[in-house]
Amino acid sequence: MKKKLFGAVVAPVSILGLTFALGLGTTAFGTPGGGEPQQSQDDSVINTLDVTTEIPVAPWCGWYVSGGPDGDITLVPADGAPTTYTGEEIALTATADENTAYVGPGDGQTSQGADSDCSWFTEGNKYGARYDVESSGYQFTASTISNLDDDEMDFAANDLNPLIITNTGIEDCLAEGFETNPTAEIKQGNTSTTPWTVPTASVNNTNFCQWSAKYEIKIPSHMSPTYGNITYRWTGPTLTHTLVIPETQP
């Protein structure tokens with residue numbers, strides 16, 4: 001009996017690798033396919049800007065004062081007073097040149113400025129001012145115009161007859177913060193006085209005042225001159241006028 005042989009013929013089979021295009025830019029086996037890597041996560045400088053500005057800064061506010069020149073002030077008999085000494089009291093008076101005191105950016109102002117002319121910048125920078133008068137003494141010494149001294153006709157400013165200093169025109173400045181002293185006077189035991197003050201709390205950018213100092217004193221009665229029929233001259237103390245800042249100075 002013949003045995004039948006059954007042969008199995010195995011045909012070669014091709015195994016085809018399949019690839020899928022997934023948009024990854026590489027093959028399934030990770031082989032580079034010519035694409036781009038993910039964006040770098042490094043920061044990118046857009047630009048560099050230096051921030052600047054230019055703004056004008058206002059001038060500083062400060063206190064300034066102007067007045068007449070140094071010199072003499074001559075007292076004359078007041079209206080209605082005797083003009084010749086006969087032993088009766090003679091009231092004397094004189095009004096000095098006009099003064100101007102103000103807050104502003106500099107000296108030389110003759111009228112009130114605007115709020116924008118200057119600045120204190122903060123409230124804490126503000127300071128007030130006061131007007132002081134300092135006297136070299138309180139005696140009035142007499143002599144004739146021919147320079148003959150006469151002690152009998154000397155007199156002193158005292159409690160009964162002080163040298164009174166008032167401020168003509170200061171009443172127009174009350175709204176500007178100027179506080180006047182109605183009892184400003186020079187006399188024995190008091191050779192300095194303060195005719196007006198502007199406190200710090202009343203200071204702004206435009207405080208302004210124009211005034212004239214008025215002086216008053218009397219030639220006392222019942223003095224007996226050594227010489228008659230001649231003109232006498234009385235020479236009083238020297239008065240120094242000062243703007244004091246700040247007003248709180250001793």
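Residues numbered from 1 in each chain as written. Predicted model: local features only at pLDDT ≥ 70, side-chain atom pairs only at ≥ 80, totals over all residues. Heavy atoms only, no water.

Draft legend 1. The overall build of the protein chain, seen in detail. Counting its secondary structure elements, the protein chain contains 0 helices and 13 strands. Here the protein chain, with 250 residues, has 30% of them falling under the buried criterion. The contacts of the protein chain with a sequence gap of at least 6 include a subset with a gap of at least 24, amounting to 77%. If you sum the accessible surface of the protein chain, you get close to 17400 Å²; carbon and sulfur atoms cover 52% of it. (Helix = DSSP H or I, 4+ residues; strand = E, 2+ residues; numbered from the N terminus. Buried < 20%, exposed > 50% of the residue type's maximum accessible area, 1.4 Å probe, protein only. Contact = heavy atoms within 4.5 Å. Areas by Shrake-Rupley, 256 points an atom, 1.4 Å probe, with all protein chains shown as cover.)

Draft legend 2. Examining the side chain of D132 more closely. Position of D132 relative to the elements: it lies in strand 4 (residues 129-135). For D132, the side chain forms a polar contact with the side chain of R130, separated by 2.9 Å. At 2.8 Å, the side chain of D132 forms a polar contact with the side chain of T194. (Polar contact = N/O pair within 3.5 Å; in protein donor to acceptor, adjacent residues only side chain to side chain.)

Draft legend 3. Representation of the pattern of salt bridges within the structure. Summed over all chains, the structure comprises 4 salt bridges. The shortest N-O distance in the salt bridge between K126 and E123 comes to 3.1 Å. Accessibility expressed as a relative area gives 60% for E123, which makes it exposed. D159 is the salt-bridge partner of K187, the closest N and O atoms lying 3.0 Å from each other. Within this pair, whereas K187 is found in the loop between strand 9 (185-186) and strand 10 (192-198), its partner D159 is found in the loop between strand 6 (155-156) and strand 7 (163-168), the two being separated by 28 residues in sequence. Residue K187 is classed as buried on the basis of its relative accessible area of 18%. According to the relative accessible area criterion, D159 is exposed, its value standing at 59%. A network of salt bridges, in which partner residues are shared, links D159, E185 and K187. (Salt bridge = Lys/Arg side-chain N within 4 Å of Asp/Glu carboxyl O.)

Draft legend 4. Inspection of the confidence of the model for the protein chain at higher detail. Summarising the model, the protein chain shows a mean pLDDT of 88, and 87% of its residues fall at 70 or more. Summarising per-element confidence for the protein chain, the mean pLDDT is lowest in strand 8 (residues 179-180) (92) and highest in strand 6 (98). Overall, residues 1-20 carries pLDDT values under 50, and its contacts beyond four positions in sequence, including any with other chains, amount to 0 contacts. pLDDT under 50 marks residues 24-28. Its contacts with residues more than four places away, or in other chains, come to 7 contacts. (pLDDT = per-residue confidence, 0-100.)

Draft legend 5. Structural detail: the packing of aromatic side chains. Enumeration over the complete set of coordinates arrives at 11 aromatic pairs. Feature note: the residues W63, Y131, F178, W196 and W211 constitute an aromatic cluster, connected by ring pairs. (Phe/Tyr/Trp six-rings, centres within 6.5 Å; stacked < 30°, edge-to-face > 60°.)

Draft legend 6. Structural view of a nonpolar patch on the surface. Where nonpolar side chains cluster on the molecular surface, the patch consists of I145, L148, Y227 and I230 and spans about 320 Å² of accessible area. Among the structural elements, I230 can be located in the loop between strand 11 (208-219) and strand 12 (232-235). With a relative accessible area of 37%, I230 lands in the partly exposed category. (Patch = residues over 30% accessible without salt bridge, like charges linked within 9 Å, V, L, I, M, F, W, Y side chains within 5 Å.)

Draft legend 7. Quick peek at unusual backbone geometry. Look at the link from I245 to P246: it is a cis peptide, with omega at -10°. Take P246: it is sitting in the segment after strand 13 (239-244). Even without being a glycine, N229 presents a positive backbone phi close to 60°. Checked against the element boundaries, N229 lands in the loop between strand 11 and strand 12.

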